Amino acid sequence: MENIGFIGLGIMGSRMARNLQKEGRRLTVHNRTKSKAKDLLDHGAKWVDSPKKMAMDNNIIITMLSTPEAVREVALGRNGFLGTMQKKSIWMNCSTVNPSFSKEMADRAKGKGIVYLDAPVAGTKGPAEKGELVFLVGGDTEVLAKLDPLMQIMGKKVIPLGSIGQGSHMKMLINLLLAQSMLAFGEAMVLGKEMGLTEDTLFDVLLNVPVTAPFLNAVRPKLENGNYEPNFPLQWMQKDLHLASLTAYELNVAMPSLNIAKEVFALAKQNGYGMKDFSSIYDYLKINNTNDNL
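Numbers given for residues are sequential positions, taken from 1 along each chain in its written order. Restriction of local features to residues with pLDDT of at least 70 applies here, the model being predicted, together with a cutoff of 80 or more for giving and counting side-chain atom pairs; totals for whole chains, interfaces and linings are based on all residues. The side-chain numbers reported here are obtained from all heavy atoms of the structure, hydrogens and water having been left aside.

(A) Molecular detail of the sheet that holds strand β9 (residues 155-160). Here three strands make up an open sheet; going across it, the order is β7-β8-β9 and the pairing mixed. With partners counted over all chains shown, the strands left at the sheet margins are β7 (121-122) and β9, one partner each. By the convention used here, strands pair only if DSSP detects at least 2 bridges between them. Here a strand is any run of E in DSSP of at least two residues, a helix any run of H or I of at least four, and the numbering for each starts at the N terminus. Pairing analysis gives five bridges linking strand β8 (residues 133-137) to β9, with the strands arranged parallel. Note on β9: the bridge partner recorded for F135 is V158. Here, two residues are considered to be in contact whenever any of their heavy atoms come within 4.5 Å of each other. Note on geometry: axes are C-alpha line fits, over the in-contact stretch for helices, and angles between N-to-C directions span 0 to 180 degrees. The strands touched by helix α7 (residues 141-154) within the sheet are β8 and β9, with β9 carrying the most contacts at an inclination of about 150°. The strands that helix α8 (residues 166-194) touches are β7 and β8; relative to β8, the one it contacts most, it runs at about 130°.

(B) Summary view of the environment of N208. Mapped onto the fold, N208 is located in the loop between α9 (199-206) and α10 (216-225). Under the relative-accessibility criterion, N208 is labelled exposed at 60%. Contacts described as polar in this section are N or O atom pairs within 3.5 Å, which, within protein, must combine one atom able to donate a hydrogen with one able to accept it, while residues neighboring in sequence count only if both atoms come from side chains. From its side chain, N208 meets the backbone oxygen of D204 in a polar contact 2.7 Å long. When accessible area is computed with a 1.4 Å probe and restricted to protein chains, residues below 20% of their type maximum are described as buried, those above 50% as exposed, and intermediate ones as partly exposed.

(C) The arrangement of the layout of surface pockets in detail. Only protein atoms enter the 1 Å grid used here, on which a cavity is any set of points holding a 1.4 Å probe that cannot leave and a pocket is any open set flanked by protein within 12 Å on both sides along at least five of seven lines; residues with an atom within 4 Å of a point are listed as lining. Grid points are joined across faces, edges and corners, and a volume is the space filled by probe spheres set on the points. Space inside the second largest pocket adds up to approximately 160 Å³. Contributing to the lining of the second largest pocket are H169, M172, L173, L176, A244, T247, A248, L251, V253, M255 and L258. Elements that contribute at least two residues to the lining of the second largest pocket include exactly α8 and α11 (234-250). Among the elements that make up the lining of the second largest pocket, the one with the highest residue count is α8 (four residues). Across the lining of the second largest pocket, the residue classes tally to nine nonpolar, two polar and no charged. In the scheme used here, Gly and all other residues not listed as nonpolar or charged are polar, with Ala, Val, Leu, Ile, Met, Phe, Trp, Tyr, Cys and Pro taken as nonpolar and Asp, Glu, Lys and Arg as charged.

Function-wise, these values are silent; they only describe arrangement.
Okay, here's the thing in structure tokens:
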């Protein structure tokens, strides 16, 4: 059986790792904050205090981290795992990073004799807990086949997309649509209320017309109750929009609405919404656009 190392035990990673445990996979775990590993350790996972030590005993390492900078640090930093990982081992990066970064990490891994798989996921806390994520995979098909059993434990679908970076490309597009759909709906709600329509009427009508993104029905309770416990923190959505904008710049593609959305989410983050669910952009718009504040 593979020895699996898992780095990054936040909202997504902790649930992905737990599903691997439930299927009998041996795990070694590491996280910046050890307390987040408690449940996994209670169920038999082994703890190491650095990525470097993890690489000594594991031939598969999975990373699920918040930013490209965090990924770079655990892979290439002073205590990074690439320096001690055995040749022909596999690094599967499930973090949302920009495609050019993914290609750079693949090259750095190849230089050490390590195989890199670009495998970000579509889905938030609920699908991660239920093992219903969708893996968007770029990389060698033989490596994908080796890791497919692990992805099938953590997800409901694995989509091969071609070469390294293509998984990250697709994740950029999905989150771009997710953020802009949420923002457009929030603006429509705010404007509708100022027009004199009730919030209930707006929800009942706008959520049942074909132009509205289906996922918005799932976030309706958050919008109605103002309970923005994070399934996907707003600060990471803003980060993903930034990475999509950076990718567009690298490809010489103009993305006006993307960049406007990125800045609206940045304003919300600056105003204390960063750790709330990304759907709280509705609350930010509502507070900052009501005529009561004029």
